[in-house]
Amino acid sequence: MAQAQNTSFPKIIIIIVMYRDEAGVQDTFLTYESYKDEITMQLVAEACKLLGVKPEVVLRQFGEYFFEFCKRSGYDHMLRTLGGNLFEFTENLDALHSYLALSYKEMNAPSFRVERNPDGTMLLHYYSDRRGLCHIVPGIIGAVAKDFFNSEISMEIVNQLEELERTGKKEHVVFLVTQWPATEAKSSSKTGAFPRTQSIQTLANRHNAMIWIKEPLHQKRSSVSFSMCRSHWETIRGLVRLGKELECFVLCTHDSQKQKEKTFTCVSFHCLFHHPGKLLRGFEPVYPMTLNIDLKTFCQAFPFHIVFDEQLVVHQAGVNLQRIVPGLQNMSIHLNQYFSIVHPEVTFTISSIRKFINSHFVLQTIRDMMPEVWNNRPMLQLRGQMIWMPSLDCMLYQASPLLRSLQELEERDMHISDIAPHDVTRDLILLNQQRLAEIELSNQLERKKEELRLLSQHLEEERRKTENLLYAMLPKHVANQLKEGKTVEAGEFKECTILFSDVVTFTNICSMCEPIQIVLMLNSMYLRFDRLTTVHNVYKVETIGDAYMVVGGVPIPVSSHAERVANFALGMILAAREVINPVTGGPIQIRVGLHSGPVLAGVVGEKMPRYCLFGDTVNTASRMESHGLPDKIHLSPTVYDALKNKGFVIQKRGEIEVKGKGRMTTYFLERNLGVSEQQIMGLSDLEAGIQRPGVFAV
């Protein structure tokens, strides 16, 4: 199993690289940087294309992964404390986003609003101005329900529209969320339990819940049973959830029952859940007959509150808010003259506010209505809660200044003392100041890490270039020894084949052409020859002027050295036909000579060291080239003996006088019957779209 995982891991890396490359995006992202949604959508599109799935599937999986990423990033405890159930969790997501916005200023988070349905389901309203990302929500909410509340959910889009009453985040998607216990889903197929979408109200209708409530508790205790064992805390949580759902059910039945039944039902319900000593006894607050606080104390204790009516007329404001916005001292002004709603992005009407009353509200002062001293200051933002007071038909906005750091406090010419001592905004500013410093330090470290990664990557590229250049000058094993600071000792090779070639009438060509023409001609020829060294796996020793020297069997001994060099020589003749003589305008002519024998090889020099060959074999090979004929491959007797009976067509030249060697019987190599010209040139595999260097090495 471990082996299978290890082998599949590189495949995953390859797929990720394919996503990134096909989408054309960068390969690294910084934690505290904001990126355009186009990058996300490009990655999603390429993933859909590669996997053959719809974007909704990829986005849902991304939502599940994002939830796990947030937990691993240190937000696990913060997320778990948002609410005791999925409804409360979702209801407080906006508050979490507001807190995170203190540190991530460029965060553009969506907005959520939830509604309970009588059947136990809920409607999740999703608002965003980032189109196309709504399908991430089911992945996140599903992962939250499974991890935090041990339940499964189904989410379907029941409405998708443009929200006209909002000033921003106009994409409005409504999800129908149905939740059921995870254990119930597993046991329903075995025990025939209730369907997963069944609500408490449906259950009550089936079992005549009104009769059950009216009857004594001890007579119907078995009406609701649990078929599975739960832990202590799971049992308590289940009872609390059941109590809440029954409470909702009882309240709903009030409208459809007679007055007597309503009273009796409420009394029975109170006895069931509020009797002293019971596990689920409720809490009933006690209110004083009169409000025991005077207006002056209230306005000083809550220095940033506002009370306004349905027409947005201000009736009351905190003392510090009056000092900063003097217009609020006129209690007949309209609130929307001095403030605009930043969050949620809705129109400034009492109906819109009441619709989103469970959200936190951020108000911002309007610059034209502020004193002149605020012309060069950032506008003041307030963050707080809207509370509707039906007895007064007024709205209470209990707020605090929205400040992220001491710098923002100073920019508005405010002080810590302006904030009420009981207001945790004081501590939040100080704590966030430290957090912002830590984030900045982390951001700098992350940027430095990315810079080091890029520098390391560039350094690796330069190292590869240097090594390739070094390997082009010296054999690889010799170059590695020199890099390690070792001394490369000379080596003796008992068998090898050496080739020399030169251009016929090269001296005359040089005298009749411009230097640049000579350079271009030689470069064109040598590029073709260099490619052939790779095709036939022979080692290029050096070039001097128009002379080209190659060896087979050195520095790595092989028994097929003669065949390799012979095939290379045949390729040289064919390649030379493609090089133009700048004097005649026709193909150049070359002479090629081969000889086999022992050599001594080693590195000479420290500045521009070269791997050189020494011995009589080198001299004899050079004589074969100088005594050869144009467009002919001249072979010594040793090469002839190595190639005969191996498919090569060889013509005997006869006995000639060789300078320094006396009379020798030499030969001309004409062709190789075993391969075609295209194979000699290494073109057959290229035409098939595959390159395999050294394919003709015997």
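Above this text is the structure in question.
Keep in mind it's a predicted model, so treat the numbers as computed, not measured.

Visitor: Provide a residue-level description of the overall build of the chain, including the pertinent values.
Guide: Check the secondary structure of the chain and you find 24 helices and 18 strands. Intrachain contacts of the chain at a sequence separation of at least 6 include 59% that bridge at least 24 residues.

Visitor: How would you sum up a nonpolar patch on the surface? Please name residues and give values.
Guide: Where nonpolar side chains cluster on the molecular surface, the patch consists of Leu 50, Leu 51, Val 53 and Val 57 and spans about 310 Å² of accessible area. Here Val 57 lies in helix H3 (residues 55-80). By relative accessible area, Val 57 is classed as partly exposed at 43%.

Visitor: Now, about empty space enclosed by the protein: what can you tell me, with residues and values included?
Guide: Counted according to the given criterion, the structure contains one cavity of 30 Å³ or more. Taken as a whole, the largest cavity encloses approximately 30 Å³ of empty space. Lining the largest cavity we find Ala 301, Phe 302, Pro 303, Phe 304, Gln 398, Ala 399, Ala 420, His 422 and Asp 423. Split into classes, the residues belonging to the lining of the largest cavity amount to six nonpolar, two polar and one charged.

Visitor: So what's going on with the sheet that holds strand S5 (residues 306-309)? Which residues, and what values?
Guide: Taken in spatial order, the six strands make up an open sheet running S6-S5-S10-S9-S8-S7, and their pairing is antiparallel. Two strands lie at the open edges of the sheet, namely strand S6 (314-317) and strand S7 (339-343), each paired on one side alone. Ignoring strand direction, the axes of neighbouring strands in this sheet form an average angle of 30°. The pairing of S5 with strand S10 (residues 394-401) spans four bridges and is classified as antiparallel. If you follow Phe 308 over to S10, its bridge partner there is Met 395.

Visitor: Could you give an account of the pairing of strand S14 (residues 590-604), with specific residues and numbers?
Guide: Summarising the sheet, strand S11 (residues 491-503) and S14 pair through 11 bridges and their orientation is antiparallel. Residue Phe 500 lies in a different strand from S14, and its bridge partner there is Gly 593. In the sheet, S14 pairs with strand S16 (residues 632-635) via four bridges, with the strands oriented parallel. Residue pairing across strands places Val 592 opposite Ile 633, the latter belonging to S16. Relative to strand S15 (residues 610-614), S14 is paired through five bridges, and the arrangement is antiparallel.

About the criteria used
- Residues numbered from 1 in each chain as written.
- Predicted model: local features only at pLDDT ≥ 70, side-chain atom pairs only at ≥ 80, totals over all residues.
- Heavy atoms only, no water.
- Helix = DSSP H or I, 4+ residues; strand = E, 2+ residues; numbered from the N terminus.
- Contact = heavy atoms within 4.5 Å.
- Patch = residues over 30% accessible without salt bridge, like charges linked within 9 Å, V, L, I, M, F, W, Y side chains within 5 Å.
- Areas by Shrake-Rupley, 256 points an atom, 1.4 Å probe, with all protein chains shown as cover.
- Salt bridge = Lys/Arg side-chain N within 4 Å of Asp/Glu carboxyl O.
- Buried < 20%, exposed > 50% of the residue type's maximum accessible area, 1.4 Å probe, protein only.
- 1 Å grid on protein atoms, 1.4 Å probe; cavity = no way out; pocket = protein on both sides within 12 Å on 5 of 7 lines; lining within 4 Å.
- Points joined across faces, edges and corners; volume = space filled by probe spheres on them.
- Nonpolar A, V, L, I, M, F, W, Y, C, P; charged D, E, K, R; others polar.
- Pairing = 2+ DSSP bridges.
- Axes fitted to C-alpha atoms, helices over the stretch in contact; angles between N-to-C directions.

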